Amino acid sequence: MRAMTEPTRTPTSAQAAFSLATPYRDVTCGELRADDVDREVRIAGWVHRRREHGGLTFIDLRDRHGLTQVVVNEADAPAAAELASRVRNEFVLAVTGKVHHRLPGTTNSKLPTGEIEVQASSIEVLSEANTPPFYINEPDAPVDESLRLRYRYLDIRRKPMLDRLLLRSALVKAVRDAHHRAGFVEIETPILIKSTPEGARDFIVPSRLQPGSIYALPQSPQQLKQLLMVSGMDRYFQIARCFRDEDLRGDRQPEFTQLDLEMSFVDEQRVMDFVEAMIVEVSQAVVPDRPIQQLPFPRIDYHDAIERYGSDKPDLRFGMELVDLAPALLGGAASGEAGSGEPGTGFHVFDEVLAAGGRVKAIAAPGMAGASRSQIDELTQFVRRYGAKGLAHVSVAADGTVHSPIGKFLGEERVAAAVAAVGAGPGDLVLIVADANAETVADVLGRLRQELGLRLGLADPNVLAYCWVFHFPMYQWDEELQRWDATHNPFSGVVPEDEKLLVTAAGDPHNVSHEDPAGRARAMQYDIALNGWELGGGSVRIHKRDLLERSFALQGYSYEQMHERFGAILEAFDFGAPPHGGIAMGIDRWAALFSYQTNIREVMAFPKTQSGTDLMLGAPSEPEADQFKELGLAFVGLESPGQ
């Protein structure tokens, strides 16, 4: 292998320094075109595929920019041919040769470089390679995910993974460009911070210099970005690394990346308007071939979203909205039918639910009237998994006749009224959930709606259906701890006309109960959803100390606790804080949705497994004894259940 040349005292020009040319290559493997024919070039990359044909050796040479076919002719370049006979897939080569047109009938229209080939005059092996544990040149070949994660550096060589990381990079660039043009300042905030409640467990880092003390890795830069507004920075953003020690799923990782932004002197409308314009610009820049379903984005009140879709992150690419059946079922029955002349619905399960203040709601699944008994049983098991006690159904046959196991209780008139209310037509299946807990009904039907929308192919995978959900409840009651919890974060502002509700029934802000008027208060919170995923969430914040202290008290913090945990921001508000608000958006989720993925691991270079393990580096691992000793720590084990 040749030695690298010594650096010269005279640097190259800025134009050359910024180019992709290096001592090993003049051009990349994706750069050459028909206009380059007869040009002498040097290219470098990995052997993607090698094949021999008579006295010719064909090598597809690959780098992240593309692929170029190299031809080695034994008659013209015997030394290069001898070396080419020994190379294998994933060897790293540097090839010198002349660009030629491919022979007629051998061009490849699927490749940007498909009209040309490089006829090699010399080949240099820069690095040899073992046989990979999976095929890198067959992107569609199934590979176990654990193997892909174990050899992630090889997985990234494969085109699907490479393309997703390039898309993610383009996404982040488009985000940065939009914010810089809008007057935002990019500021990095610390990774080692004080532990504060953010909705999940913190990852903690022991301090060597302050024995017995810990840092926490940030779940978000929430307080820091608000302090930047107090500092007069006016508009801040960063592509922030965040950490949460929580159970993992497809859209969660222990470490993740979010777009974090904050703006001063704004209201909800102004923040949402900027974020929406930024999202549209970024979407059109990164995935211009994917249409946005509706502009401006639909803006849905939280309670309306729950009522219609059973979700605060609804997928609007299809209908199948939730419908309250109580008005239809309580409208009476025809003479002579079951339940005729009796108050209620005629079906005691529904009657008991409605008498207890519960809900009876339904969705209409298009084309599912012919569902088998086993399919109905499977859907019943699905809803029970999320808390429903059962699932009633009504089938509407192709001729319009209806069939239902509960029809004999409801009677024909009520069944017909229910079918009409939910908008079911011939061939549709009405699915009904009833429960005394209205939240259970909404949640279960919302999950069922989402599941069936995907199963039935109702959602166009190419469409980007963004929507806003706003005015969330300010608090939710924690029955176990007997206190109010913020539904998003503890700094969210209250809708101005609801500020008077931030009081307790007892009159003492520290004496809370589930009867408090505070439970009816709405927050100046807004989420942005995309195709059934929560893409981001934010709020206009409380910027007055007395109101923030009152809100903290409702959340169960004593005066001492709130100052111990939030002292910096409370003190900062004494020095003049502007009205401010912002949002945080998941870069991993956005990239996954842009690239048709259902798991954010597919757009992360080096993710963790579902159990939080790094299979490639072997993390987490046991610390060295000296590391514990230096920190003054010892592992004493975990308490077993019941201790």
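Look above for the structure.
In what follows, the accompanying structure is described. Just so you know, these numbers come straight off a predicted model, no measurement behind them.

**Overview of the sheet that holds strand E16 (residues 429-435)**
For step 1, the next point in the chain: On the basis of which strands lie adjacent, the open sheet formed by five strands has the order E12-E13-E16-E14-E15 and antiparallel pairing. Among the strands making up the open sheet, the edge pair consists of strand E12 (323-324) and strand E15 (402-403).
For step 2, the next point in the chain: Alignment of strand E13 (residues 359-365) against E16, held across seven bridges, turns out to be antiparallel. When the sheet's bridge partners are listed, alanine 364 is paired in E16 with valine 430.

**Let's talk about the nonpolar core**
For step 1, the next point in the chain: Judged by nonpolar contacts, the single largest core of 48 residues is most densely connected at Val275, Met278, Tyr466, Met585, Trp590 and Phe594.
For step 2, the next point in the chain: Here the element with the most residues in this core is helix H7 (residues 268-286); it accounts for nine residues.
For step 3, the next point in the chain: Apart from the residues lying within four places of it in its own chain, the contact partners of tyrosine 466 are Ile279, Ser283, Ile292, Phe297, Pro298, Ile528, Ala529, Leu530, Leu535, Trp590 and Phe594.

**Focus: the environment of isoleucine 279**
For step 1, the next point in the chain: Looking at the element boundaries, isoleucine 279 is found in helix H7.
For step 2, the next point in the chain: Residue classification places isoleucine 279 among the buried residues on the basis of a relative accessible area of 0%.
For step 3, the next point in the chain: As for isoleucine 279 and alanine 174, which are separated by 105 residues in sequence, their C-alpha atoms are 9.6 Å apart.
For step 4, the next point in the chain: If we ignore the near neighbours within four places in the chain, the residues touching isoleucine 279 are Phe297, Tyr466, Ile528, Met585 and Trp590.

**Some points on H7**
For step 1, the next point in the chain: Helix length check: H7, at 19 residues, gives a terminal C-alpha distance of 27 Å against a target of 27 Å (1.5 Å per residue), a fit within 8%.
For step 2, the next point in the chain: Buried within H7 are the following residues: Glu268, Val271, Met272, Phe274, Val275, Glu276, Met278, Ile279, Val280, Val282, Ser283 and Val286.

**Comments concerning the pairing of strand E2 (residues 56-63)**
For step 1, the next point in the chain: Of all eight residues that make up E2, seven are buried, and the element is covered over most of its length.
For step 2, the next point in the chain: Alignment of strand E1 (residues 40-53) against E2, held across seven bridges, turns out to be antiparallel. Residue pairing in the sheet places arginine 51 in a bridge with phenylalanine 58 of E2.
For step 3, the next point in the chain: What sits between the antiparallel neighbours E1 and E2 is a turn of two residues, in which glycine 54 has the positive phi angle 65°.
For step 4, the next point in the chain: Once E2 ends, the chain turns through two residues before running back antiparallel as strand E3 (residues 66-73).

**Section: the packing of helix H5 (residues 159-181) against H7**
For step 1, the next point in the chain: It is at 9 Å that the axes of H5 and H7 come closest, and there the two elements cross at 140°. Taken together, the axis directions place H5 and H7 in an arrangement best described as oblique. The way H5 lies across H7 gives a crossing that is right-handed. Contact with H5, carried on its side by Leu167, Ala170, Leu171, Ala174, Val175, Ala178, His179 and Arg181, involves Phe274, Met278, Glu281, Val282, Ala285 and Val286 of H7 and no other residues of that element.
For step 2, the next point in the chain: Tallied by class, residues from the contact of H5 with H7 come to eleven nonpolar, one polar and two charged.

Cut-offs applied
- Residues numbered from 1 in each chain as written.
- Predicted model: local features only at pLDDT ≥ 70, side-chain atom pairs only at ≥ 80, totals over all residues.
- Heavy atoms only, no water.
- Pairing = 2+ DSSP bridges.
- Helix = DSSP H or I, 4+ residues; strand = E, 2+ residues; numbered from the N terminus.
- Core = buried A, V, L, I, M, F, W, Y, C linked by side-chain atoms within 4.5 Å.
- Buried < 20%, exposed > 50% of the residue type's maximum accessible area, 1.4 Å probe, protein only.
- Contact = heavy atoms within 4.5 Å.
- Expected span 1.5 Å × (residues − 1).
- Axes fitted to C-alpha atoms, helices over the stretch in contact; angles between N-to-C directions.
- Parallel < 35°, antiparallel > 145°, perpendicular 65-115°, else oblique.
- Left-handed = near helix turned anticlockwise from the far one by under 90°.
- Nonpolar A, V, L, I, M, F, W, Y, C, P; charged D, E, K, R; others polar.

Purely spatial values, then, with no claim about function.
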